[in-house]
Amino acid sequence: MAEQTQDVVSIEIEGKIGLVRIGNPPVNALGAAVRQGLAQALETLGRDPQVQVVALYGAGRAFSAGADIREFGKPPVDPRLPDVCDRIEACEKPVIAVVHGTTFGGGLELALAAHARIGLADARMGLPEVTLGLLPGAGGTQRLPRLIALEAAIDIISTGRQVPAEEALSLGILDRLSQAGPRQAAIEAAQAVLDGSLPTRHTGEIVVTPDPAMIAAATARLGKKRPALAAPIKAVEAISHAGRPLREGLKAERALFMELMDSPDRQGLIHSFNAERAVKRIPEAGAPPRPVASAGVIGGGAMGVGIATALLQAGIPVTLVETNVEVVDQARAKVIGNLDGAVKRGRLTAADRDWLAGTFGTTTRLEELAPVDLVIEAVFEDIAVKTGLFGQLDRICKAGAILATNTSYLDVNTIAAATARPQDVIGLHFFSPAHVMRLLEVVVADKTAPEMVATAFDLASRMKKVAVRSGVCDGFIGNRILAHYRKAADYMLLDGASFAEIDHALEEFGFAMGPFAVADLAGLDIGWATRKRKAPTRPPEERYVAIADRICEAGWFGRKSGRGYYLYDDAGTRVPNPDALAIVAAERATAGVKARAFTQEEIVARYMTAMISEATSVVEDGIALRPIDVDAVLLFGYGFPRHLGGPLNHADRIGARLLVERIEAYAREDGHYWQVPRLLRQLAENGGRFDDLNKANLDGR
Ligand code: T1G
C-alpha cells in the first residue's frame, strides 16, 4: 500500500519493511520538498510499530545528485539537509540506503548517514562539492572518514572525483552490491538486516583519529596548486575534526561550509556549472534532430584526425578522406593511436577500441561519402578550397546529409552558397585537440535549417562536448575575442611589460598559462598567418605590434621549434628567449617607445577589460545568444579560470561603471583600440549586470 507523504517522496510498507522512494526528476535533487518528505517519512515509519527496518531508494536514473544547486544563495528552508541526515543516523530503527546512478554530494551524504549501504552496478558516487567551491556540508567530512581509510576519504573529498561501485565496495563505502533494481534491492537488503545477515553501522559510534601528518601533507599539497582554491583546503580542515565526537565535528563542518557558501569562488564555480547547461537553450531546441549513424571527415591533418577520433569515441562510424596517399595512412595510424591512448587512460576498454577501429575507414575518394549522414571538412583554411570542396559534396552526398565546415573564421554563408542546399550547411568549429577539448562552436549561417542546429547540438551531446551557438563573423565567438585581447597583451609588451611578466600576471590571476606561453604552445605561425590574412583590411589607425612577426621571420614558432618567446628544453621547462628579448627592445626603439613598468594589477586590468569589451560586443552583435554563452566559450575553449565563471560573470564583479571608466582612461592613449561598447555603457548607466541578460534570455530567444 503506497501512502503519499509528498509528490517527491513516497512511502510503502512491505511487511516489516518501510520503503521510502525519492522521486524528484531529473536527478532527485534534494530540494525543500524532498527534505520535508524525507523528514515526514522517517517520522511516520519511525512511529509505525509494524515497521522494523527502513529502506531508502531513488526512482529514475539515480538515487540523488545531491543538494538542489538552484537553492544556493537563497534563504534556507527547513529541514536543512544536515538535519535530515542526522535524523536518519539517529533513527532507532535500522535505515538502509540503496544507491544507483550518479549519487553525488548530499545524495551520498544521505546514504552515509544510513546504517548500511547497498550499491547497484551502475552506481557512481562522489562528493563533488569542492568543484562548486563548497565542501560536503551534510556530514560527508565526518562520516566518510569513519567508514573508510583516512587517505581515501581525503582523496575523494578534496578532489570531488567519482567512485565506481566496485571501488566503493572495496573501500567500505558500500556494504554490498546488488543486481536487482532499486526497490527490489531495498527489500532484499532490509530482509537481510532483519535476518541478521547484513550488519549495520552507526557512524556516530565509530571513533577515528585523523592522522595530523596526513592532514598537514594534504593541506600543503593543495596549497601548492595553482589556483590554490579555498574549498579543498577547508574540506581537509573539516576532515581533521572527525576525531571529535560526531556532534562537535558536524558543527565544525557546518561553520566551514557556511564560510565557503558566501565565497566568490562558490558563485563562480556554480556559474560555470550552470553555463555548461544554459548553452543548450537555443531557439532551435524544438526542431527534430536528424539521425547521425555515419560520418565522413575530410582532411587527415591534426584537426581531421582529432574530429574523426571524437566521432568514433561517440560510437559513430567514420570514413576519413585524404587525397594524399601518404597522409591518409598516417592519419589512420594517428586515429588508431588516439584510441589506444584512450585505452591506456582507462577511458575505453580494449574491446571497445577494437570495435571502434573496425568502424573506421580511410580513403582517397570523396565519392565514398555519398551515403553518410554527416560530413565534416577540416581542410586547408582557404575560402576557394572550401567552396570548391562543398560544390563537390553537393554533387556527391545524399539528400539531407549534414554538410559541416570546421573553419575557424571563414564565412560559412559563402561556403553554404557554394551548394544548392545551403539549409544543410553548418559550421562545427572544433578546438584542437578535437578529441580532448570540450568546446564546440556551432556556427549558424543565414540559411541553415533549424533541424541542422538541433542535430549539431544533439551530436555535441553524444560527443560529450559543450556546444555553443554562434552567428557568423570573423572568429565567431572565441577567436574574435582572443584576437582582440591578444592585442592588449602585445601593446603592453611594446610599452614596457616583459612577456614573462604578462604571463606571470595572468597565471597568478588563474589562467593555467599566460598568453605568450599559450602562443608558443599553439604555434606562433598560426597567429602570423592570421595577421597576414588581415593585413589588407587592417585599419590604418590600428596600432600594430610586429614583435611576433620578427620572431616568426627568424623561424622560431614556439615549442614546436624549440624556441619562440621562450626557450624550451626537453622537459618542456621555459626560460625567456634572449633573442626574443632583443627583438622586443629593437621594436620598442623602432616605435620610439620609452619602456615603462606595469604592475601585475594593471596587466590583469587591461587584459581583462579588453576581453570583456570584445565579449560585450559579441553579445551586442547577436553573435552569442547571451553573456553566459560567451562565458562557456572562454571556460571550455580557452582555459578561463572556472572559479571566476567566465569573462562576463567576472565583469559583473568588476561592475560596468568601472569598466567604462577604465576604457575611457585607456582611450586617451589609443582611441581606436579602446572604445566603450554601447551595451556596456547602457549597463553602466542603468546599474545593470550581464547576468540580467542571461535571465532575460534563458530560452534562447
Ligand atoms: N541541483 C539542481 N539541479 C541539478 C543538479 C543539482 N544538484 N544536478 C543536475 N541538475 C539539473 C541540471 O541543471 C539539468 O537541468 C538536469 O538536472 C540534468 O542534469 C550539502 C551542498 C548528476 C552527473 O555537484 O554533476 O550536495 O538544464 O544535464 O549530464 O554537501 O547533473 O535540464 O534544466 O547535468 O546526466 C552536489 C551536479 C551538489 C552534482 C547528471 N552535486 N550535477 O549529469 O545531466 S552540492 C553535484 C551533475 C551538495 C551538500 C552539497 C550532473 C549529473 P536542465 P545534466 P547529466
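Residues numbered from 1 in each chain as written. Predicted model: local features only at pLDDT ≥ 70, side-chain atom pairs only at ≥ 80, totals over all residues. Heavy atoms only, no water.

1. Thoughts on the confidence of the model for the protein
Part 1 of the argument: Mean pLDDT over the protein: 95, with 98% of residues reaching 70 or higher.
Part 2 of the argument: When the criterion is pLDDT under 50, residues 1-5 qualifies, and its contacts beyond four places in sequence or with other chains add up to 13 contacts. (pLDDT = per-residue confidence, 0-100. Contact = heavy atoms within 4.5 Å.)

2. Points about helix H5 (residues 150-159)
Part 1 of the argument: Of all the ten residues making up H5, seven are buried; the element is thus mostly covered by neighbouring parts of the structure.
Part 2 of the argument: If you check which residues of H5 are buried, you get Leu 150, Ala 152, Ala 153, Ile 154, Ile 156, Ile 157 and Ser 158.
Part 3 of the argument: On its buried side, H5 packs onto helix H4 (140-147), strand E9 (162-164), helix H6 (165-171), helix H8 (212-223) and helix H9 (230-240).
Part 4 of the argument: Gly 160 sits one or two residues past H5 and shows a positive phi near 75 degrees. (Buried < 20%, exposed > 50% of the residue type's maximum accessible area, 1.4 Å probe, protein only. Helix = DSSP H or I, 4+ residues; strand = E, 2+ residues; numbered from the N terminus.)

3. Examining the sheet that holds strand E11 (residues 295-298)
Backbone hydrogen bonds are what pair the strands of a sheet, in a parallel or an antiparallel way.
Part 1 of the argument: Read across the open sheet, the eight strands follow the order E13-E12-E11-E14-E15-E16-E17-E18; overall the sheet is mixed. This sheet does not close on itself; its edge strands, each paired only once, are strand E13 (360-363) and strand E18 (466-470). Recorded for the sheet is a direction-independent mean angle of 25 degrees between the axes of neighbouring strands.
Part 2 of the argument: The pairing of strand E14 (residues 374-377) with strand E15 (residues 402-405) spans four bridges and is parallel. (Pairing = 2+ DSSP bridges. Axes fitted to C-alpha atoms, helices over the stretch in contact; angles between N-to-C directions.)

4. Considering the site of the ligand
Part 1 of the argument: In the vicinity of the ligand, 28 residues are found, and the nearest of them are Ala 65, Gly 106, Glu 109, Glu 129 and Arg 277.
Part 2 of the argument: Ile 69 is positioned such that a nitrogen or oxygen atom in its backbone is 2.9 Å from a nitrogen atom of the ligand.
Part 3 of the argument: The contact in question runs from an oxygen atom of the ligand to an N or O atom on the side chain of Glu 129, over 2.6 Å.
Part 4 of the argument: Against a free-state accessible area of 990 Å², the protein chains account for coverage of 75% of the ligand.
Part 5 of the argument: For the shell around the ligand, the elements supplying multiple residues, two or more each, are strand E6 (102-104), helix H3 (106-113) and helix H11 (264-278).
Part 6 of the argument: Partitioned by chemical class, the residues of the shell around the ligand number 15 nonpolar, five polar and eight charged. (Near = heavy atom within 4 Å. Polar contact = N/O pair within 3.5 Å; in protein donor to acceptor, adjacent residues only side chain to side chain. Areas by Shrake-Rupley, 256 points an atom, 1.4 Å probe, with all protein chains shown as cover. Nonpolar A, V, L, I, M, F, W, Y, C, P; charged D, E, K, R; others polar.)

5. Regarding unusual backbone geometry
Part 1 of the argument: Going from Pro 25 to Pro 26, the amide bond is cis rather than trans, its omega being 5 degrees.
Part 2 of the argument: Here the amide bond leading from Ser 432 into Pro 433 is cis, since omega sits at -5 degrees, within 30 degrees of zero.
Part 3 of the argument: Of note, Pro 433 is situated in the loop between strand E16 (425-430) and strand E17 (439-443).
Part 4 of the argument: One non-glycine residue with positive phi stands out, namely Lys 464, at about 55 degrees.
Part 5 of the argument: By the secondary structure assignment, Lys 464 is in the loop between helix H17 (450-462) and E18.
Part 6 of the argument: Under the relative-accessibility criterion, Lys 464 is labelled exposed at 65%.
Part 7 of the argument: A positive phi angle, near 55 degrees, is found at Phe 476, a position not held by glycine.
Part 8 of the argument: Structurally, the position occupied by Phe 476 is in the loop between E18 and helix H18 (478-495).

6. Re the environment of Val 325
Part 1 of the argument: Inspection of the secondary structure assignment puts Val 325 in helix H13 (residues 325-344).
Part 2 of the argument: A sequence separation of 39 residues divides Val 325 from Thr 364, and the C-alpha atoms of the two residues are 6.8 Å apart.

7. Describing the sheet that holds E6
Part 1 of the argument: Taken together, the three strands give an open sheet; going across it, the order is E6-E8-E9, and neighbouring strands pair in mixed fashion. Edge positions in the open sheet fall to E6 and E9, since each of these has one partner strand only. For this sheet, the mean angle separating the axes of adjacent strands, direction not counted, is 25 degrees.
Part 2 of the argument: Here three bridges tie strand E8 (residues 124-126) to E9, and the two strands are oriented antiparallel to one another.

8. A short note on the packing of aromatic side chains
Part 1 of the argument: Under the defined criterion, the tally for this structure stands at 15 aromatic pairs.
Part 2 of the argument: Here the aromatic rings of Phe 499 and Tyr 566 are separated by 5.2 Å at their centres, their planes lie at 80 degrees, and the arrangement is edge-to-face. Remark: Tyr 566 occurs in strand E19 (residues 566-568) and Phe 499 occurs in helix H19 (residues 499-509); sequence separation between them is 67 residues.
Part 3 of the argument: Overall, Tyr 566 belongs to the buried group, its relative accessible area being 2%.
Part 4 of the argument: In this structure an aromatic cluster arises from ring pairing among Tyr 485, Phe 509, Phe 511, Tyr 607 and Phe 640.
Part 5 of the argument: The ring centre of Tyr 409 lies 3.3 Å from the NZ or CZ of Arg 533, which sits over that ring.
Part 6 of the argument: Across the ring face of Trp 556, the terminal group of Arg 563 is positioned such that the distance to the ring centre comes to 5.1 Å. (Phe/Tyr/Trp six-rings, centres within 6.5 Å; stacked < 30°, edge-to-face > 60°. Lys NZ or Arg CZ within 6 Å of the ring centre and 35° of its normal.)

9. Re the side chain of Asp 48
Part 1 of the argument: Assignment of secondary structure puts Asp 48 in the loop between helix H1 (32-47) and strand E4 (53-58).
Part 2 of the argument: If sequence neighbours within four positions are ignored, Asp 48 has contacts with Ile 13 and Lys 93.

10. Notes on the domain arrangement of the protein
When the parts of a complex come together, some accessible area is lost, and that lost area is often used as the size of the interface.
Part 1 of the argument: The assigned domain composition of the protein is domain 1 (2-265), domain 2 (295-470) and domain 3 (478-622 + 625-698).
Part 2 of the argument: Centre-to-centre, using C-alpha coordinates, domain 2 lies 30 Å away from domain 3.
Part 3 of the argument: Contact with domain 2, which involves eleven residues of that partner, is made by ten residues of domain 3.
Part 4 of the argument: Summed over both sides, the interface between domain 2 and domain 3 buries roughly 910 Å², with carbon and sulfur atoms accounting for 65% of that surface.
Part 5 of the argument: One can count zero salt bridges joining domain 2 with domain 3.
Part 6 of the argument: At the surface where domain 2 touches domain 3, the tally comes to two residue pairs in polar contact (both at pLDDT 80 or more).
Part 7 of the argument: The element that contributes the greatest number of residues to the side of domain 2 that touches domain 3 is E18, accounting for three residues.
Part 8 of the argument: Grouping the amino acids of the side of domain 2 that touches domain 3 by side-chain chemistry returns six nonpolar, two polar and three charged. (Domains from an automatic or database assignment. Buried area = accessible area lost by both parts, 1.4 Å probe. Salt bridge = Lys/Arg side-chain N within 4 Å of Asp/Glu carboxyl O.)

11. Some remarks on the pairing of strand E5 (residues 95-99)
Part 1 of the argument: Along E5, five of the five residues are buried, which leaves the element largely enclosed by surrounding structure.
Part 2 of the argument: Burial along E5 is two-sided: Val 95, Ala 97 and Val 99 and Ile 96 and Val 98, pointing in opposite directions, are all buried.
Part 3 of the argument: Two elements, E4 and E5, share four bridges in a ladder whose sense is parallel. What sits directly across from Val 54, in E5, is Val 95.
Part 4 of the argument: Handedness of the crossover joining E4 and E5 through helix H2 (residues 81-90): right-handed.
Part 5 of the argument: Here E5 pairs with strand E7 (residues 116-120) via four bridges, running parallel. Bridged to Ile 96 within E7 is Ala 116. (Right-handed = clockwise from strand over helix to strand, strands pointing away.)

12. Examining the pairing of strand E3 (residues 17-22)
Part 1 of the argument: Of all six residues in E3, five are buried, a share of seventy percent or more.
Part 2 of the argument: The pairing of strand E2 (residues 9-14) with E3 spans six bridges and is antiparallel. Counted as the bridge partner of Ile 13 is Gly 18 from E3.
Part 3 of the argument: As consecutive antiparallel partners, E2 and E3 are separated by two residues, and within that stretch Gly 15 has a phi angle of approximately 65 degrees, a positive value.
Part 4 of the argument: Note that E3 and E4 share six bridges and pair parallel. Paired with Ile 22 across the strands is Gly 58, a residue of E4.
Part 5 of the argument: Handedness of the crossover is the feature at issue here: the chain leaves E3, passes through H1, returns alongside E4, and the resulting connection is right-handed.

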